[in-house]
Amino acid sequence: MNIEEFRAESHRMADRIADYFELVSSYPVKSQVQPGEILDALPQQPPAVSESMDSIMADFERIIMPGITHWQSPSFFAYFPANSSYPSVLAEMLTSALAQQGMIWETSPAATELEDRVMEWLKQIFGLPETWTGVIQDTASASTLAALLTARERATDWNVNDNGFAPEPGLRIYCSLETHSSIEKAAKIAGYGKNNLIKVAVKEDGSMDAGALEKAIGDDLHAGLKPVCVVGTLGTTGTTANDPLEEIGAICQKFNLWFHVDAAYGGTALMLPEMRHLTTGLKFADSYVFNPHKWMFTNFDCSAYFVRDTEALTRTFSILPEYLRTATRGQVKDYRDWGVALGRRFRALKLWFVIRSFGVEGLREKVRKHLDLARWLSETIENTEEFELLAPVNYSLVCFRYRPEAIADEEKLNQINQQLLQKVNQTGRLYITHTKIAGKYTLRLVIAQTYVERHHVEAAWSLIRKTASRLSI
């Protein structure tokens, strides 16, 4: 492909992308293909000679599109969102074209300094502590791993980095039973071992029981173990419960433990002044993460990670081979010292585009709309006899189930709701997922897609009710 062919194809691709956004509501939200169907349609051998873009795009439409689950559909209500937006996509185009490798300032001054500035903007937008410093990681999983590694090194006076775990007693991490699975993965990768991750009991609302946390820490100290870190959550994955950060933070201060707060989804809501009360316990936090790629309309991947002690972070990750020594070292931020990866994408560009294109008030308007729609749906469910809410609606996630009056057996209700979920998703008209709350099979419907409107939520609710009424019970 030469430059003129590229110019022509890029214009066609831009039209294809715009068409996709216009037509996304017409696709089945959840892919309807069967396992292996895409694989079987792909040639077993790579092409020996060049193929035209016409041929490639024809196969994209024929083979790939049927296997796409449309996360950008306004009828996508599953998991948590992985949102895109028009300005974010435009920025991704530029990011791909510029192909920056922003590992150190020297390799891309703009990537480094734009990241520095937009992270300061985020602190202002969300009312985060002035003493924090931010860096963009790829995901909350990577941010959590960075937190646990830094906590490990601070607790051992940076001994494990040099000498391994051998002389150390069991290093303990604490989180709630509802904490995201990435915490356990990070505990394993960081060498703590999953058996040293203590999952603390939760209260009825799904939040961590601070009294149980303090007892677990005391028990471990009595047993000669070494408490290191506590992970609190704003907006748990299952039900969006909020841990009592103020109480947890005070406990961490009492025992000199690293306090990491995971607000991957819920953190975006803190841009609203009326949600700012959730930040009160953050004054105790040593590190904090939220994902603009979830609910801030910025393409995956983009995770905002903040730390109080940047020296502890960089001391944990810094390594300096000769080929990375530069004259500017010490004068600038070399972000390859701020996380696991050496190579870094220019993620700040899309965040910059999104903040400038929407404006802070435009971002707030979107988030408020989602919260309002969730309140409307939850009130509607509360007023519908055959359905019930199963968790408080803290953000824009609604947890509920179908409960026909004739059925009292919990196992039977679980089976019915599982069947309802499957049948709704098989229609292709919306996509929802589930969790279990106190053993109850729970339908999760999260309203947070960038361009969702009330009529999409009304249509989803209508389909759920109609499908439920047709179940054989």
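Above this text is the structure in question.
Conventions we followed
Residues numbered from 1 in each chain as written. Predicted model: local features only at pLDDT ≥ 70, side-chain atom pairs only at ≥ 80, totals over all residues. Heavy atoms only, no water. Axes fitted to C-alpha atoms, helices over the stretch in contact; angles between N-to-C directions. Helix = DSSP H or I, 4+ residues; strand = E, 2+ residues; numbered from the N terminus. Parallel < 35°, antiparallel > 145°, perpendicular 65-115°, else oblique. Left-handed = near helix turned anticlockwise from the far one by under 90°. Contact = heavy atoms within 4.5 Å. Nonpolar A, V, L, I, M, F, W, Y, C, P; charged D, E, K, R; others polar. Pairing = 2+ DSSP bridges. Right-handed = clockwise from strand over helix to strand, strands pointing away. Expected span 1.5 Å × (residues − 1). Buried < 20%, exposed > 50% of the residue type's maximum accessible area, 1.4 Å probe, protein only. Disulfide = S-S within 2.5 Å. Salt bridge = Lys/Arg side-chain N within 4 Å of Asp/Glu carboxyl O.

## Comments concerning the packing of helix α13 (residues 348-382) against helix α15 (residues 454-469)
Step number 1: Close contact between α13 and α15 brings their axes to 10 Å; oriented N to C, the two are set at 25°. Between α13 and α15, the interaxial angle falls into the category roughly parallel. The handedness of the crossing between α13 and α15 is right-handed. Residues L373, W376, L377, T380 and I381 of α13 touch α15, and the partners they reach there are R454, V457, E458 and W461.
Step number 2: Split into classes, the residues belonging to the contact of α13 with α15 amount to six nonpolar, one polar and two charged.

## With respect to the pairing of strand β3 (residues 197-200)
Step number 1: Of the pairings in the sheet, the one linking strand β2 (residues 171-176) to β3 comprises four bridges and is parallel in character. Across the sheet, residue S176 finds its bridge partner in β3, namely V200.
Step number 2: After leaving β2, the chain enters helix α8 (residues 181-189) and then returns to the sheet as β3, a path that is right-handed.

## Here we look at the sheet that holds strand β11 (residues 440-446)
Step number 1: With antiparallel pairing, the four strands of this open sheet are ordered in space as β8-β9-β11-β10. The open sheet has two edge strands with one neighbour each: β8 (387-389) and β10 (433-437). The sheet shows a mean angle of 40° between the axes of neighbouring strands, taken without regard to direction.

## Side note on helix α5 (residues 109-126)
Step number 1: Look at α5: 26 Å from first C-alpha to last across 18 residues, which is about the 26 Å you get at 1.5 Å a residue.
Step number 2: Turning to α5, its buried residues number three or more, namely A111, T112, L114, E115, V118, M119, L122, K123, I125 and F126.
Step number 3: Those residues of α5 that are buried are in contact with β1 (133-137), β6 (287-290), β7 (303-307) and α13.
Step number 4: After α5 finishes, the residue G127 shows a positive phi value of roughly 65°.

## Some thoughts on the state of the cysteines
Step number 1: This model, assessed by the stated rule, comprises zero disulfides.
Step number 2: Here C175 is not cross-linked by a disulfide; its sulfur's nearest cysteine counterpart is in C229, at 9.5 Å.
Step number 3: A disulfide-free cysteine, C229 has its sulfur positioned 7.4 Å from the sulfur of C252, the nearest such atom.

## Comments concerning unusual backbone geometry
Step number 1: Between F300 and D301 the backbone carries a cis peptide bond, its omega angle lying at 5°.
Step number 2: Relative to the helices and strands, D301 is located in the loop between α11 (292-295) and β7.
Step number 3: Backbone geometry places D157, a non-glycine residue, at a positive phi of 55°.
Step number 4: In this model, N256 sits at a positive phi of 55°, which is unusual for a non-glycine residue.
Step number 5: The residue N256 is located in the loop between α10 (245-255) and β5 (258-262) in this model.
Step number 6: According to the relative accessible area criterion, N256 is exposed, its value standing at 60%.

## Topic: the pattern of salt bridges
Step number 1: Taken as a whole and assessed by the stated rule, the structure comprises 31 salt bridges.
Step number 2: Across the salt bridge formed by K199 and E184, the nearest N and O atoms sit 2.9 Å from each other. Remark: E184 occurs in helix α8 and K199 occurs in strand β3; sequence separation between them is 15 residues.
Step number 3: Judged by its relative accessible area of 42%, K199 falls in the partly exposed class.
Step number 4: In this structure E184 comes out as partly exposed when scored by relative accessible area, which is 25%.
Step number 5: The closest approach of N and O atoms between E214 and K254, which form a salt bridge, is 2.6 Å. One end of the pair, E214, is in helix α9 (residues 210-222); the other, K254, is in helix α10, and 40 residues separate them in sequence.

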